[in-house]
Amino acid sequence: MNKIINRSWTANDSAELYGVNDWGAGYFGVDQQGLLSVTTTNADTPVNAPLLNIVNDIKERGLDAPVLIRFEDLLDQQISRLNNAFRNAIESAGYQGDYRGVFPIKVNQQCHVIEEIAQAGARYGHGLEAGSKAELIIALAHIESPDAHIICNGYKDQEFIDLGLNARKMGYSCFFVIETPSELPIILERSRALNIKPLIGVRVKLASVVGGHWNATSGDRSIFGLSIAQLVEMIDSLRDEGMLDCLQLLHYHLGSQIPNIRDIRSGVVEACQVYMDLVREGANMRYLDLGGGLAVDYDGSKTNYIHSKNYTLDEYCADIIDVVITTLDPNKIAHPTIITESGRATIAYSSVLIFNILDVATFTPGSIPKTIPDDEHQLIQSLKETFDGLTEKNMQECYNDALFYRDEVRELFKRGHVGLRSRSLAENLFLLIMQEVLKISEKAPRPLQEFDKLKEQLSDIYYGNFSLFQSLPDVWAIDQIFPIAPIHRLQEQPTREAIIADITCDCDGRIDRFTNMRNTKTTLPLHPIIEGEEYFIGVFLVGAYQETLGDLHNLFGDTNVVSVRFHNDGTYEFADEIEGDSIADVLSYVEYQPQLLRERFRKIAERSVREGRISALERQSIMKAFSESMQGYTYYEKD
Ligand SMILES: *Cc1c(COP(=O)(O)O)cnc(C)c1O
């Protein structure tokens, strides 16, 4: 609700309204000029830059919005934060084991991202997790130190296993995590054939079930991992083969984005029991791999709501270390090296999607005559009387009446009893009443029952130059919520309430759920568009899972992508620029041949020349325009 405030609006008010300091994790903030800025800490001094400046600099280099900006420094800092948090927890608890993180490649497979992770992670021995042959190939090409682990999850065929075994021979710390009983015989057979001893891990299904969106990965019915009974059989097979010493790692993964620290603790408790029994069975246990699940606080509420988390990174690390110590110590079991496979929390912060607004649809009534002509239909007279008599006391009644009169007019219209102009007058009067009701209700001690619905129905539609399906697939697929805010004009009070529609012509291509403390809201406050000026909106924390899950709905392709790296003096460079897909690119993805399309069109144009519809000169410019659009950006291009 836009409160009426007496003092003038400041950038701080916007920061609070959009929750920037809550979800920004210190990386995003609003400066006094009303610009949303990004802050990174280089050589212990924070440097920052307004996103608008970066967008303008990118535009000067010929890349337009929509653009995905990747901040390499934020990725580096998240890797450091994660490793340092575990180091601190280990030190202060006197833990005897170590910590080794791995980044799950599936969370963002982009080459530049993986290169950055490998480089920034090297000093911590941060490794990679691979869930397929393709990802293993990526991992092998990026991990250089045997300190950094490669954890192979997912189904493994002989080719996958041979590749991993040879990597082991070359000195890689490459683990096969057994996900299904059928994998073990292949691993045993291939390791005999190649005479290479594997490093084996086992993924177990824990009984612990977690809350949140992604909890299908936990519990008895989760798809991956061995049941406890299958685990026992596997131990026996390994012992029979004389290879129990190869089993060194226990793995589990309860699901992504676990909002409640209690669920994380109870998973570790159960896993520690399994771990200890594996030691007692004679396995050469050294590693406990907790999988992913470390959550991102998308709404900034610090609660156990699905889009949030009720713990800090430090608490996460301290709790894990604490549970392992208190469970293992009484049983005199040596502390394992802790591995986590945090994807979302590592990469989410580093990417921001920026798009411009192309158009706005408002639901404001058109002009209405001062007096309604006497010969106008009685229902329209009633609508006008309702409007004139509207007060705080009778607003609910007026709301109900207005709905009734409007629907009656629509019925009569259908049957041909009122004309187009009368209907238009009725619709305008109706909107006028609804706006008034909303205004009164906002200030009333007890708002209208239908207040939220009405607010949404009267909100503007801001059309953004992006495709939800391509750039924010989780918003569509699983109702994921990302923080969204304008990146400039924040010293001005936003006076409109809006939902955002993308430029696919699909009614699902809309964003109508926004972050708010503890729950979600259906509209977002935005500024009125100024004629001739761009209005840029940022969608934040989109680094995890969004890039490769996106699809080509309506043939909108990849956006432009720019990687930004800051220098110590606060300047920044564009370390990498990738032009988004051209129309020819997306056409070829769905098996069209741009050359053939051009040839077909040329034939039709030639026929038009012969038939005298266009001149040969016109044909030339039409063909030129056709070829040029093939090379164009799939998104809306200004001029
Ligand atoms: C997806 C996945 C992860 C990553 O989970 P996050 O919640 O993004 O950290 C880690 N491990 C496995 C096995 C996964 O399938």
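Calculation notes
- Residues numbered from 1 in each chain as written.
- Predicted model: local features only at pLDDT ≥ 70, side-chain atom pairs only at ≥ 80, totals over all residues.
- Heavy atoms only, no water.
- Helix = DSSP H or I, 4+ residues; strand = E, 2+ residues; numbered from the N terminus.
- Buried < 20%, exposed > 50% of the residue type's maximum accessible area, 1.4 Å probe, protein only.
- Contact = heavy atoms within 4.5 Å.
- Core = buried A, V, L, I, M, F, W, Y, C linked by side-chain atoms within 4.5 Å.
- Pairing = 2+ DSSP bridges.
- Axes fitted to C-alpha atoms, helices over the stretch in contact; angles between N-to-C directions.
- Phe/Tyr/Trp six-rings, centres within 6.5 Å; stacked < 30°, edge-to-face > 60°.
- Lys NZ or Arg CZ within 6 Å of the ring centre and 35° of its normal.
- Near = heavy atom within 4 Å.
- Polar contact = N/O pair within 3.5 Å; in protein donor to acceptor, adjacent residues only side chain to side chain.
- Areas by Shrake-Rupley, 256 points an atom, 1.4 Å probe, with all protein chains shown as cover.
- Nonpolar A, V, L, I, M, F, W, Y, C, P; charged D, E, K, R; others polar.
- Domains from an automatic or database assignment.
- Lys, Arg positive; Asp, Glu negative; His and termini not counted.
- Salt bridge = Lys/Arg side-chain N within 4 Å of Asp/Glu carboxyl O.

1. Re the environment of Thr515
Structurally, Thr515 is set in strand β18 (residues 514-515). On the accessibility criterion, Thr515 (12% relative accessible area) is buried. For the pair formed by Thr515 and Ala271, sequence separation is 244 residues and the distance between their alpha carbons is 34 Å. Leaving out residues up to four positions away in the same chain, Thr515 has contacts with Tyr298, Asp299, Ile481, Phe482, Pro483 and Lys521.

2. Thoughts on the nonpolar core
By size, the foremost hydrophobic cluster in this structure holds 149 residues, and its most contacted members are Phe28, Phe71, Leu247, Leu250, Ile338, Leu472 and Phe540. Looking at this core, the element that brings in the most residues is helix α10 (residues 261-280), giving nine residues. Filtering out sequence-adjacent residues up to four positions away, Leu472 remains in contact with Leu353, Phe466, Ser467, Phe482, Ile511, Val539, Val542 and Gln546. With 28 residues, the next largest nonpolar core counts Ile372, Ile433, Leu454 and Leu458 among its residues.

3. With respect to the sheet that holds strand β1 (residues 28-30)
Strand order in the open sheet made by the three strands is β1-β2-β3, with antiparallel pairing throughout. If you trace the sheet from one side to the other, it starts and ends with β1 and β3 (45-50), each paired once. Within this sheet the neighbouring strands show an average axis-to-axis angle of 35°, counted without direction. By the bridge criterion, three bridges tie β1 to strand β2 (residues 36-42) in an arrangement that is antiparallel. Among the inter-strand pairings, Val30 is bridged to a residue of β2, identified as Leu36. Relative to β3, helix α3 (residues 51-60) is tilted by about 60°, and along the sheet it contacts β2 and β3.

4. Examining the packing of aromatic side chains
Inspection of every chain in the model, using the stated rule, returns 20 aromatic pairs. Centre to centre, the rings of Phe469 and Trp476 are 5.3 Å apart; their planes meet at 65°, and the pair counts as edge-to-face. By relative accessible area, which is 3% here, Phe469 ends up buried. Ring pairs connect the aromatic residues Phe71, Phe566, Tyr572 and Phe574, which therefore count as one cluster. Against the face of Phe160 rests Lys156, its NZ or CZ located 5.9 Å from the ring centre. For the cation-ring pair, Arg406 lies above Phe430, with the distance from its terminal atom to the ring centre recorded as 4.3 Å.

5. Some points on the sheet that holds strand β5 (residues 99-104)
Taken in spatial order, the eight strands of this closed barrel run β5-β6-β7-β8-β9-β10-β11-β12, and their pairing is parallel. Direction aside, the axes of adjacent strands within the sheet are offset by 25° on average. As defined by bridge partners, strand β11 (residues 287-289) adjoins strand β12 (residues 337-340) across three bridges and the pair is classed as parallel. Each bridged residue has a counterpart across the sheet, and for Tyr287 the counterpart in β12 is Thr337. Across the sheet, helix α6 (residues 133-142) is in contact with β6 (127-130), β7 (149-152) and β8 (173-178); its angle to β6 comes to roughly 165°.

6. Quick word on the site of the ligand
Surveying the vicinity of the ligand reveals 15 residues, the closest of which are Lys106, Ser256, Glu341, Gly343 and Tyr545. Contact between the ligand and Lys106: an oxygen atom at 2.6 Å from a side-chain N or O atom of the residue. Between the ligand and Tyr545, the relevant distance is 2.6 Å, taken from an oxygen atom to a side-chain nitrogen or oxygen of the residue. Calculation on the ligand without its partners gives an accessible area of 390 Å², and the protein chains cover 92% of this total. In the shell around the ligand, the residues fall into two nonpolar, eight polar and five charged.

7. Digging into the domain arrangement of the chain
Where interface size is quoted, it is often the accessible area lost as the parts come together. Domain parsing of the chain yields domain 1 (95-342), domain 2 (378-456) and domain 3 (596-630). Inter-centroid distance (C-alpha atoms) of domain 2 to domain 3 is 53 Å.

8. Remarks on the side chain of Asp31
Mapped onto the secondary structure, Asp31 falls in the loop between β1 and β2. As a buried residue without a salt bridge, Asp31 has its nearest oppositely charged side chain in Arg489, at a separation of 13 Å. From its side chain, Asp31 meets the backbone nitrogen of Gln33 in a polar contact 3.0 Å long. Ignoring anything within four residues of it in the chain, the contact list for Asp31 reads Ala11 and Pro50.

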